[in-house]
Amino acid sequence: MAEGWPDGALVEAARDGDARAITALVSGSHPHVRRFAHSLCTTPQDAEDAAQEALIILYRKIGMLRATGALASWMFRIVRNECLRRAKRAFRQFETVPERAVPSAEEEALQLLEAGIVADVIAGLPGDQRRVLIMRDVQGYSGRMTADALGISTAAMKSRLHRARAAVQEGLRSMETGGFDGR
């Protein structure tokens, strides 16, 4: 079991339906789930919501967990999926928002423009490359931690990261020359 997570006996008792064990398991998992959500989700509110959703799923579906030692990876996968779901919803909402008036401060406008260009290029990446790029280059996870969180080998993570970085560089070059079409 990952360091600091509830022990296997508690997980086993919770899987067997012991109400006190389930309560202790959810309470003991909360700090770890919350920390992971804050490192993966785009906003603090999404992180809190994702952590709560993951703990609700833990409470409801603990009986489905096959191996007591898999609790940490199971919870991280739930949090990751919830954060991705929330990010996709935010992107959809962003796409449907009508254009706003240009901010009055020139520097703010330029920063927003630059951030928007980078975000557009990253959003155009395939999902597997985008997740690796965000975890490694934006959130600063180690290669091993990124690979483990995504459930892939370190070699696969490195390959996806290399492709993602190359695609972002090419996308930004294309934007400068006016050739990027947003896909």
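Before reading further, recall that the structure is shown in the block above.
I will try to describe carefully the structure that is included in this document. (Residues numbered from 1 in each chain as written. Predicted model: local features only at pLDDT ≥ 70, side-chain atom pairs only at ≥ 80, totals over all residues. Heavy atoms only, no water.)

Remarks on the packing of helix α1 (residues 8–15) against helix α2 (residues 19–40)
Here α1 crosses α2 at 130°, and the two axes come no closer than 7 Å. Taken together, the axes of α1 and α2 lie oblique to each other. The element α1 and its partner α2 pack so that their crossing is left-handed. Across the interface between the two elements, Leu10, Val11, Ala13 and Ala14 of α1 pack against Ala21, Ile22, Ala24 and Leu25 of α2. (Axes fitted to C-alpha atoms, helices over the stretch in contact; angles between N-to-C directions. Helix = DSSP H or I, 4+ residues; strand = E, 2+ residues; numbered from the N terminus. Parallel < 35°, antiparallel > 145°, perpendicular 65-115°, else oblique. Left-handed = near helix turned anticlockwise from the far one by under 90°. Contact = heavy atoms within 4.5 Å.)

Regarding helix α7 (residues 143–150)
Listing the buried residues of α7 in full gives Gly143, Thr146, Ala147, Ala149 and Leu150. For α7, the angular spread of the buried residues around the axis is 165°, confining them to a single face. Once α7 ends, the next one or two residues include glycine 151, with phi positive near 70°. (Buried < 20%, exposed > 50% of the residue type's maximum accessible area, 1.4 Å probe, protein only. Arc of directions from axis to C-beta.)

Section: the side chain of glutamate 82
Note that glutamate 82 resides in helix α4 (residues 71–96). What glutamate 82 contacts, discounting residues up to four positions off in sequence, is Ala50 and Glu53.

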